[in-house]
Amino acid sequence: MNDARESDLERSQARRLLKAWETPRGWRYWSAVNNSEVGLWYTLTAFAFFLFGGVLALVMRIQLAVPENDWLTHDQYNQIFTMHGSVMMFLFAVPILEAISIMLLPEMLGARDLPFPRLSAYGYWCFLIGGVFVCGSLFFDAAPRGGWFMYPPMTTQYQDGIGVDVWLLGLSFIEIASIAAAVELIVGVLKCRPPGMRLNLIPLYAWYILVVAVMILFAFPPLIAGDVLMELERAMDWPFFDVSRGGDPMLWQHLFWIFGHPEVYIVFLPSIALVAMMVPTFARTPMAGYGWIVLAAVGTGFLSFGLWVHHMFTTGIPGISIGIFSAASEAVAIPTGVQIFCFIATLLIGRVKRAVCLQFVLAGLATFIIGGLTGVMVAIAPFDYQAHDTYFIVGHLHYVLVGGTIFPIVAGFYYYYPFVTGKRLSERLGNLAFWLMLIGFNVAFFPMHLSGLIGMPRRVATYPSGMGLEIPNIISSIGAFVLGLGFVVLLWDVFRPKSKQPLVRRNVWDAGTLEWSGEVPDQPWGIRSIPIIQSRYPLWEQKNLLEGIDRGKFYLPDAEEGRRETLVTSAVDAELVHCLRVPGPSFLPFWAAVFTGGVFIFSTYHWWTAAGVCAVMSFCTIVTWLWTGTAEIPEKPTKSVGMGQSLPLYVSGPSAVGWWAMFITMLGDMTAFMSLVFGYFFYWTVHEEFPPAEWDGAEVYGPGTLWPMVGVALGIMAWCAVILARKSNRSDRSIAFYGAAIIGIVCSLLSALALFYGPYQNGMDPTQHVYTSSTAVLLLWTILHLVLGGVMLAYCIARRIAGRMDRQHDADLANVTLAWHFIALTTVITGATVALFPWVA
Amino acid sequence: MSTEPDIHPIAKHDSAAERPLSQQLWWIVVSPSLWAVHFMVCYLTAAIWCEKAGVQADPFALHFAITVYTVVVLPVMAWVAWSSHREFRRSEPPVPYDFDDPADRTHFLGFTAFLLSLLSLVATLFTVLVFVFVRSCH
Ligand code: HEM
Ligand SMILES: [Cu+2]
């Protein structure tokens, strides 16, 4: 009797939950924002770009198979290798790791979704649009040609056509999407864990992703800053890299490699994270040395930022600097070695079960170690002078990238395929693919070391006969095709119809981590009820966990109000703090991405009107999205989430996920700004006289001192007004709130105006010299931020008028205040740099 | 047999404000951050010095600056390492599945902070050694 009632209750709970999390059908399917759908699209798209990049690689290998080949012109070859490198790095390696994380992370953490599902969807659509745009350029003979690192002055002065703009704008657009995903993942790991999952119990995957996301946050903004500078030079003739007007191409190299070296680890660590999930499963024992692996992940994350100059050894950098960076390059080998030892130790302790997955893992580790060894060779500066820009480098870099990312990702495909589809990939075909890939890879890339040592430069469309280069090259080309064949086998296995194949049982691999708790076939709710976690491998160690989850014994077993909800917990101890309502399906992110894409794409062709229209449309879409989808005031203050616990439905300030997202975004924004400031001081170090009194016979005018200082004063006043507005709203004094907010808007706009007026009335010409252009770019950046800060305040005023914000429900205002701290800091730094520094210099 | 899930009530922990330093997340990144700051400052000093002071100048000023930075940073790292070490020594030896009990959270943080401090110390010494061995800008 009692039992029957209970199961009735369970069934109706499950029905409501299912309804809330239902995936939209028909054409509305594309409005889905849930992590399972978006993650899947993301993964497939990134994989498609990988195949595209792979085809380009094969085309290159056909061209290089025989000496003095004229199948491709030099120009075509340049486009192809540039696209190959850029596609592999920007459209495959980084996105696929974000894709996989978006798909897996919530399931590993027992969360229903990531905290900002619509942001993930927006990131995905940006990625798709930008990626298709960049790849498409190749078919119109309009692709970039400068190599994946786009060194100026080659790319600023000697290339006509829009190739470089396609690269700069298209990829900046995608980088913004990457940063959006990073914000999502950081907040996800820190705040969306199941109750009880303290810091020492987090799945290793999540530690790695946390580290990588933080790295993205600090690595991508310098590149975006570099993109901004180069695009300003190309579009407006501001001379950042033009030597004849004091510019210096070295700044690009610095900014690019501050991004570029961490990038190598950004693509490597997540793959290792996958390995860290697979190794314990196949060894049937917990990972040995958990703390050591966390050390390795965090340590690598830090040290990888101290390596960038090792890509610039041959550019005449002072000996001491070279030394510093060589030292850090050697130091980073320590943590990398530590984690590989932990993996090997775990495999040795455990009782290993054979599987194709594991073969790929081992092949990846071995390949990576070989690549690491040649890497240590090139990190030793004198050797680098020899090997620089030869095929030795191409060999090294592919050992690292393919061993460190491709093989583990393929292993991940085998491991997680049943998780996504409920079917298994074939072990037989897997074996075949494995040997084709392993043999093909080594046959293709090992000979490149030799051709490099013989002296074959990279990035050449052809090479002369009679130097001994024929044999290694033809072998390489054959190997590349064998490798390609391996991928064809994998592809067939992934996409071959499997309707006759039976579904796998639940938790096919007998893994211990939470993502395997899902039923087969999987339900859209992510997890039936959110358990309390007390172990690193809950499925192995917590008794009756699955029954408890399935019967809704834990948290959030129901969706009484038909809303999508997930739990937010504290960062260290994962104690419950908040029940977060996450938004459901919507086309808004899609449209926002289309319009943002329009801005970037039309700017490439200098169709400014169309770009302007798109900018307005994307602004409107994003505001609508924020207005309707965020910081909604709930119908009741708290809600019972099961297990006798009640949680608030609305929080603001540091306990809210939105506040963290704002904080993290602003950190990234600050990093980009600091890169521009770095540029200013970089030019100061390379010039005898900076600011110069005159250039080319004409006097050089700066922004003056008075007006920038007025701008700073007004900016600080605006900031104070914001703080006052927040206080007044808290104590519910509406007049004071509106007054302060309006003063804030006025002051921020006046401040922007003053920053503009200084250089304007002084007659400063940004195209004259790098001093004026680097001053102008700092001012421009600050002006944009001040205007944006004003817009945010206007948004808060509107929210309060509309009754969507009040004294308790002030999350919007809390976030805007936080952003204003950064805006004020930006204004002060800009003022001090452009107005005061010239006095000291 | 009961199918009730087997859960112990979670011990309520004191809030972040009451926790000692060594039990907060940012504690583990103190030493690596110091390495990063030291590294950046050394690099910038060397770069500016090489550009502005010129190749012939006596490197005394440069070496003095680097010594000052190092003397500031190393003791702090050593202190972080030492106090984290005390933190994790209080529990069972950490191998092989170190600290996988919910109650071990503090020891885990201490252990990780300790290892990261050692790594940062080594990396910082690497940086300093460069100045000892490479004495010129070119
Ligand atoms: C699938 C098999 C692959 C083959 C056969 C291949 C082949 C090549 C070749 C021949 C080059 C040299 C182009 C030249 O200097 O003339 C090259 C460059 C490069 N590859 Fe690959 N590659 C493969 C996979 C990958 C992967 C998976 C990545 C990254 C995740 C990658 C990243 C790069 C990069 C960054 C460059 C440098 C491009 C430049 O010089 O600007 N490749 N590849
Ligand atoms: Cu590097």
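The preceding data block contains the structure.
Residues numbered from 1 in each chain as written. Chains lettered and ligands numbered in written order. Predicted model: local features only at pLDDT ≥ 70, side-chain atom pairs only at ≥ 80, totals over all residues. Heavy atoms only, no water.

Caption draft 1: Focus on the interface of chain A and chain B. Contact with chain A, which involves 59 residues of that partner, is made by 59 residues of chain B. Carbon and sulfur atoms supply 71% of the area that chain A and chain B bury against each other, a total of about 5,100 Å² over both sides. On the surface where chain A and chain B come into contact, there are zero salt bridges. Summed over the shared surface of chain A and chain B, the number is zero residue pairs in polar contact (both at pLDDT 80 or more). When residues of the side of chain A that touches chain B are traced back to their parent elements, those giving at least two are helix H9 (290–303), helix H10 (319–331), helix H11 (333–349), helix H18 (545–550) and helix H21 (657–686) of chain A. For the side of chain A that touches chain B, the element with the most residues is H10 of chain A, which contributes 10 residues. (Contact = heavy atoms within 4.5 Å. Buried area = accessible area lost by both parts, 1.4 Å probe. Salt bridge = Lys/Arg side-chain N within 4 Å of Asp/Glu carboxyl O. Polar contact = N/O pair within 3.5 Å; in protein donor to acceptor, adjacent residues only side chain to side chain. Helix = DSSP H or I, 4+ residues; strand = E, 2+ residues; numbered from the N terminus.)

Caption draft 2: Spotlight on the coordination of the iron atom of ligand 1. Residue and element names in this part refer to chain A. Taken together, His84 (NE2) and His398 (NE2) make up the protein donors of the iron atom of ligand 1, found 1.9 to 2.0 Å from the metal. Given six donor atoms and angles of 88 to 179 degrees at the metal, the environment of the iron atom of ligand 1 is assigned as octahedral. With His84 in helix H3 (residues 74–108) and His398 in helix H14 (residues 391–421), the pair connects residues that are 314 residues apart, well separated along the chain. Both residues of the pair, His84 and His398, belong to the buried class. (Donors = N, O, S within 2.8 Å, 3.2 Å for Na, K, Ca; no water. Tetrahedral: all angles 85-135°; square planar, octahedral: opposite > 155°, others 65-115°. Buried < 20%, exposed > 50% of the residue type's maximum accessible area, 1.4 Å probe, protein only.)

Caption draft 3: Quick peek at the site of ligand 1. Residues and elements named next belong to chain A. If you check the shell around ligand 1, you find 23 residues, and the closest are Tyr77, His84, Trp148, His398 and Arg459. A distance of 3.0 Å separates an oxygen atom of ligand 1 from a polar side-chain atom of Arg458. Contact distances for ligand 1 include 2.6 Å between an oxygen atom and a backbone N or O atom of Arg459. Elements with a contribution of two residues or more to the shell around ligand 1: helix H2 (35–64), H3, H14 and helix H16 (470–495). (Near = heavy atom within 4 Å.)

Caption draft 4: Expanded view of the pairing of strand S2 (residues 576–581) of chain A. Residue and element names in this part refer to chain A. By the criterion of burial, S2 is predominantly enclosed, with five of the six residues buried. Bridging between strand S1 (residues 565–569) and S2 involves five bridges; their strand directions are antiparallel. When the bridges of S2 are listed, Leu567 appears paired with Cys579. From the end of S1 to the start of S2, which pair antiparallel, there are six residues, and Ala574 there has a positive phi angle of about 50 degrees. (Pairing = 2+ DSSP bridges.)

Caption draft 5: Just the packing of helix H4 (residues 117–136) of chain A against helix H20 (residues 608–629) of chain A, in detail. All names here are of chain A. H20 packs onto H4 with a crossing angle of 160 degrees between their chain directions and a minimal axis gap of 12 Å. Comparing the axis directions of H4 and H20 gives the class roughly antiparallel. Read as a crossing pair, H4 and H20 show a hand that is right-handed. In contact with Arg118, Leu119 and Tyr122 of H4, H20 contributes Ile622, Trp625 and Gly629. Among the residues forming the contact of H4 with H20, the class breakdown is four nonpolar, one polar and one charged. (Axes fitted to C-alpha atoms, helices over the stretch in contact; angles between N-to-C directions. Parallel < 35°, antiparallel > 145°, perpendicular 65-115°, else oblique. Left-handed = near helix turned anticlockwise from the far one by under 90°. Nonpolar A, V, L, I, M, F, W, Y, C, P; charged D, E, K, R; others polar.)

Caption draft 6: Just the pattern of salt bridges, in detail. Residues and elements named next belong to chain A. Applying the stated criterion across every chain, the model contains 27 salt bridges over all chains. The partner of Arg458 in a salt bridge is Asp389, with the nearest N and O atoms 3.8 Å apart. Of this pair, Arg458 sits in the loop between helix H15 (427–454) and H16 while Asp389 sits in the loop between helix H13 (381–387) and H14; the two residues are 69 residues apart in sequence, bridging distant segments of the chain. Within this structure, Glu560, Glu561, Glu565, Arg581, Glu635, Lys636 and Lys639 form a network of salt bridges that share partners.

Geometry only, nothing functional implied.
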